[in-house]
Amino acid sequence: MATTAPAHPVHPVHPVDEVPPIRHLAAFGLQHVLAMYAGAVAVPLIVGGAMKLSPADLAYLITADLLVCGIATLIQCVGFWRFGVRLPIMQGCTFAAVTPMVLIGTTGGGLPAIYGSVIVAGLAIVLLAPVFGRLLRFFPPLVTGTVILIIGVSLLPVAGNWAAGGVGAKDFGEPKNLALAGFVLAVVLGVQRFAPPFLSRIAVLVGIAVGLAVAVPFGFTDFGGVGDAHWVGISTPFHFGTPTFHASAIVSMLVVALVTMTETTGDLIAVGEMTDRKVEPRTLADGLRADGLSTVLGGVFNTFPYTAFAQNVGLVGMTRVRSRWVVATAGGILVLLGLLPKLGAVVAAVPAPVLGGAGLVMFGTVAASGLRTLAEVDFKGNNNLTVVAVSVAVGMLPVGVPTIYAKFPDWFQTVMNSGISAGCLTAIVLNLLFNHLPGKAGSAGAAAEPKAASV
């Protein structure tokens, strides 16, 4: 009697590694691009504007930024060798570098000096990545939950500014802007609650599309930039001149590198929590190494330091689409936008209030994810509540009072003006103080140490 060969065991594919159908990839990917586009182009606009660059040079900075954003995202999501965390992580220019770069650009050697310091900072991140990977044990749920909460809450003012019309808008705060943002928010929530599963997962994209359709007849949109934009734009290495290396510029950018590594660590841990693929020391180092490589590419291809984009962390949590190939598709779209400036100008025409309505849900989702992580923490008979309270307070100071550290040295401002890095450092230090250092005999903190400090 013939016997059948035993079937090979089928290993289920982790949701992070699943490849959705192409039409789903395109829709989910575009949704990620729209969620981060305004933030992606803000850094070149701010730095170029402060240096009084010509409109042509500004346009060049933006297309170069989009191109490297896309490449950086592909490196992070797809990965090669020891580069890339291989999670759904969007990459974008870090805001932590804006103030130092403006100072370098206006007083210390212009764009070549900026790019020299950016290249050195990127190489430093690559070298320091394994060291940061070994620090993962200092990120128990108490710290990670607090950091994720701070990331979400510190992003909410960004959504608020968009909803009001965008920083610097002549009609900032007009009721019509807030009404449009509220309408988009209602559409996103309605689609998420009542639409079929696929549509509910692209609720943000649907909300932005419907919001744009309503915005056009009411005069919210300006497509003038589309006609002015070129069809093709290629970013060539060292377009603005050979990089120069100034010690003061390099030191300030190395401080930025430490801040962005801290922020990226928080973002990677947050996405790991949301996708049920916990970040390990080795994968954290791989993700940070990808940040460093992308930052070096930024210095070569006329753009700036790169980091994981917190804006998109909320989208992963809200849509529950965990595939890294979705975000890799978004990276491919960004590369296209960088090579086709006219296409980028179309995306740029989406009004700020439309993005604001969607942003409120996404950034609120990040904060809520932090609360979910904190729900795993034991708060009875220990000092964990104090750790969360003080860390959130310190993290929110620069968000609520942006000029609070204006009288401090530049290096201090670089670290503490980022609510995420300030809150993260505070949470790590307080967790060590209350849960790792030997406590006084019989203290509540010492008695609760094993549970609170467990990773």
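Scroll up a little and you will see the structure.
Residues numbered from 1 in each chain as written. Predicted model: local features only at pLDDT ≥ 70, side-chain atom pairs only at ≥ 80, totals over all residues. Heavy atoms only, no water.

Trainee: Explain the overall build of the protein here, please?
Mentor: A tally of helices and strands in the protein yields 20 helices and two strands. When the backbone C-alpha atoms are referred to their principal axes, the protein occupies close to 75 × 70 × 55 Å. Expressed as a percentage of the 455 residues in the protein, the buried residues total 55%. Pairs at least 24 apart in sequence give 83% of the contacts found in the protein among residues at least 6 apart. For the protein, the exposed area adds up to about 19,300 Å²; of that, 70% sits on carbon and sulfur atoms. (Helix = DSSP H or I, 4+ residues; strand = E, 2+ residues; numbered from the N terminus. Buried < 20%, exposed > 50% of the residue type's maximum accessible area, 1.4 Å probe, protein only. Contact = heavy atoms within 4.5 Å. Areas by Shrake-Rupley, 256 points an atom, 1.4 Å probe, with all protein chains shown as cover.)

Trainee: Any chance you could explain the environment of Phe172 here in plain terms?
Mentor: Position of Phe172 among the secondary structure elements: in the loop between α5 (141-163) and α6 (175-194). Looking at Phe172, the relative accessible area reads 41%, which means it is partly exposed. On a C-alpha basis, the gap between Phe172 and Gly314 in space is 25 Å, while along the polypeptide they are 142 residues apart. Discounting residues that sit within four places of it in the chain, Phe172 has contacts with Asn161, Ala164, Gly165, Gly166 and Val167.

Trainee: Explain the nonpolar core here, please?
Mentor: In summary, soluble globular proteins display a tendency toward joint burial of nonpolar side chains. Residues Met101, Ile114 and Phe304 are the most contacted members of the largest nonpolar core, which totals 113 residues. In contact with Phe304, not counting residues within four places along its chain, are Val43, Pro44, Val47, Leu61, Cys93, Met101, Ile114, Tyr115, Val118 and Gly298. Counting eight residues, the second largest nonpolar core, distinct from the first, contains Leu149, Ala367, Val377 and Val387. (Core = buried A, V, L, I, M, F, W, Y, C linked by side-chain atoms within 4.5 Å.)

Trainee: Honestly, α6 in this entry has me stumped. Any pointers?
Mentor: Residue pairs three or four apart in sequence face the same way in an α-helix, which turns once every 3.6 residues. Here α6 contains 20 residues, and its C-alpha end-to-end distance of 28 Å stays within 8% of the 28 Å for a straight helix at 1.5 Å per residue. Among the residues of α6, Asn177, Leu180, Ala181, Val184, Val187, Val188 and Val191 are the ones counted as buried. Viewed end-on, α6 has its buried residues packed into an arc of 115 degrees, placing them on one side of the element. Opposite the buried face of α6, by more than 90 degrees, sit the exposed residues Pro175, Arg193 and Phe194. Buried residues belonging to α6 abut α5, α7 (197-201), α8 (203-215), α12 (310-319) and α15 (352-374). (Expected span 1.5 Å × (residues − 1). Arc of directions from axis to C-beta.)

Trainee: I'm lost on helix α3 (residues 98-107) in this one. Help?
Mentor: If you check which residues of α3 are buried, you get Val98, Pro100, Met101, Val102, Ile104 and Gly105. Looking one or two places after α3, you find Gly109, whose phi comes out positive at around 120 degrees.

Trainee: Whenever I open this one, the packing of α12 against α15 confuses me. Can you help?
Mentor: For any two helices packed against each other, the geometry comes down to the angle between their axes and how far apart the axes lie. At their nearest, the axes of α12 and α15 sit 7 Å apart, and the two run at 85 degrees to each other. Classified by the angle between their axes, α12 and α15 sit roughly perpendicular to one another. On α15, the residues that touch Ala310, Gln311, Val313, Gly314, Leu315, Gly317 and Met318 of α12 are Val361, Met362, Phe363, Thr365 and Val366. In terms of residue class, the contact of α12 with α15 is built from eight nonpolar, four polar and no charged. (Axes fitted to C-alpha atoms, helices over the stretch in contact; angles between N-to-C directions. Parallel < 35°, antiparallel > 145°, perpendicular 65-115°, else oblique. Nonpolar A, V, L, I, M, F, W, Y, C, P; charged D, E, K, R; others polar.)

Trainee: What is the right way to look at the packing of aromatic side chains in this model?
Mentor: Summed over all chains, the structure comprises eight aromatic pairs. Ring plane angle 85 degrees and centroid distance 5.7 Å describe the contact between Tyr405 and Phe408, whose orientation is recorded as edge-to-face. Accessibility expressed as a relative area gives 39% for Phe408, which makes it partly exposed. On the basis of an interplanar angle of 20 degrees and a centroid distance of 4.6 Å, the ring pair of Phe408 and Phe412 is categorised as stacked. Within the aromatic cluster, the residues linked to one another by ring pairs are Phe80, Trp81 and Phe83. (Phe/Tyr/Trp six-rings, centres within 6.5 Å; stacked < 30°, edge-to-face > 60°.)

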